[in-house]
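This is what each chain is made of:
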Amino acid sequence: MTDTSETIPPKTAEDLFRFLDDLGISHKTKYHPPVFTVAESVSLRDEIPGGHTKNLFVKDKKDNFFLLTVEENASVDLKTVHTLIGAASKVSFGKPEKLMEYLGVIPGSVTAFGAINDTGHNVTFVLDADLMREEIINCHPLSNDATTSIARDDLIRFMEATGHTPLVLKVTA
């Protein structure tokens, strides 16, 4: 693994859209005022169909990082989720500096699309099985002032194109 985070700036939403276009993946983005919490984003539900996401950036004691992408109202038991995702220990939240270094996003903008910035493959991506029942998945396009809708299977195809094989597991209560 080569640490290139110091030299290469994180990709932008425009880079993401170009990457999706190059893969032939259909996507639709709605711009809105920045939202930092699930509660703040609820007003957008009527305008944006599909499964809406909540993302938890966590790490174990051996500094293995995971991004758990779940349905926005789902709950994750942080005391036991490590047994499901293959972590070496119980997990805690990853620091904002690692979030920026690995996924190129700040807190409040965390997204499965951050895989495009994880060129060192430092993060294991976990997509909740319940969320993956939705035909359309909605994620921030690397910033929290927009929501990008993508087909469930295309989200997996996107992640694979970034060199990640996401785990699809039931991690919610």
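Residues numbered from 1 in each chain as written. Predicted model: local features only at pLDDT ≥ 70, side-chain atom pairs only at ≥ 80, totals over all residues. Heavy atoms only, no water.

**Q** Even after reading the chapter, I still don't get the overall build of the protein chain, so can you show me in this structure?
**A** Counting its regular elements, the protein chain contains 5 helices and 8 strands. The linear arrangement of helices and strands in the protein chain, starting from the amino end, is α-β-α-β-β-α-β-α-β-β-β-α-β. Taken over the C-alpha trace, the protein chain has a radius of gyration of 15 Å; the compact-globule value for 173 residues is 16 Å, and the two agree within 12%. Considered along the principal axes of its C-alpha atoms, the protein chain spans approximately 40 × 40 × 25 Å. When each of the 173 residues of the protein chain is scored for burial, the buried share is 46%. Partitioning the intrachain contacts of the protein chain with sequence separation of at least 6 by distance along the chain shows that 68% fall at a separation of at least 24. Carbon and sulfur atoms make up 54% of the accessible area of the protein chain, which amounts to about 8,700 Å² in all. Counting 17 positive and 25 negative side-chain charges, the protein chain places the averaged centre of each group 6 Å from the other. (Helix = DSSP H or I, 4+ residues; strand = E, 2+ residues; numbered from the N terminus. Rg over C-alpha atoms; globule rule 2.2 N^0.38 Å. Buried < 20%, exposed > 50% of the residue type's maximum accessible area, 1.4 Å probe, protein only. Contact = heavy atoms within 4.5 Å. Areas by Shrake-Rupley, 256 points an atom, 1.4 Å probe, with all protein chains shown as cover. Lys, Arg positive; Asp, Glu negative; His and termini not counted. Charge placed at Lys NZ, Arg CZ, Asp CG, Glu CD.)

**Q** Would you mind going over the pattern of salt bridges with me for this structure?
**A** When the charged atoms of two side chains lie near each other, side chains of opposite charge can form a pair. If you walk through the whole model with that rule in mind, you get 7 salt bridges. When the shortest N-O distance is used, the salt bridge between Asp 63 and Lys 59 registers 3.0 Å. Measuring nitrogen to oxygen at the nearest pair gives 3.5 Å for the salt bridge that ties Asp 154 to Arg 157. You can see Asp 154 and its partner Arg 157 sitting in helix 5 (residues 152-161), 3 residues apart, about one turn around the helix. Among the charged side chains, a salt-bridge network with shared partners connects Asp 130, Arg 133 and Lys 170. (Salt bridge = Lys/Arg side-chain N within 4 Å of Asp/Glu carboxyl O.)

**Q** Quick question: what am I supposed to make of helix 1 (residues 13-22) here?
**A** One turn of the α-helix equals 3.6 residues, which is why residues spaced by three or four share an orientation. Listed in full, the buried residues belonging to helix 1 are Ala 13, Leu 16, Phe 17 and Leu 20. Projected down its long axis, helix 1 carries its buried residues within an arc of 95 degrees, all on one side. Once helix 1 ends, the next one or two residues include Gly 24, with phi positive near 75 degrees. (Arc of directions from axis to C-beta.)

**Q** Which parts of the structure should I look at to understand the pairing of strand 2 (residues 51-59)?
**A** Regular strands place side chains that alternate from one sheet face to the opposite one. Counting buried residues in strand 2 gives 8 out of 9 residues, a clear majority hidden from the surface. The pairing of strand 2 with strand 3 (residues 65-71) spans 7 bridges and is classified as antiparallel. Bridge assignment links Lys 54 to a residue of strand 3, and that residue is Val 70. What sits between the antiparallel neighbours strand 2 and strand 3 is a turn of 5 residues, in which Asp 63 has the positive phi angle 60 degrees. Summarising the sheet, strand 2 and strand 4 (residues 92-93) pair through 2 bridges and their orientation is antiparallel. From the neighbouring strand, Val 58 faces strand 4, where its bridge partner is Phe 93. (Pairing = 2+ DSSP bridges.)

**Q** What should I look at first to understand the environment of Lys 28 in this one?
**A** Secondary-structure assignment places Lys 28 in strand 1 (residues 27-31). When its relative accessible area of 61% is taken as the criterion, Lys 28 is described as exposed. With residues near it in sequence (within four places) discarded, Lys 28 still touches Thr 147, Thr 148 and Ser 149.

**Q** Looking at this model, I keep getting lost on the side chain of Ser 149. Mind explaining?
**A** When you line up the elements, Ser 149 lands in strand 7 (residues 146-151). A polar contact is formed between the side chain of Ser 149 and the side chain of Asn 138, at a distance of 2.4 Å. Residue contacts for Ser 149: discarding those within four places in its chain leaves Ser 26, His 27, Lys 28, Ile 48, Ile 136, Ile 137 and Asn 138. (Polar contact = N/O pair within 3.5 Å; in protein donor to acceptor, adjacent residues only side chain to side chain.)

Purely spatial values, then, with no claim about function.
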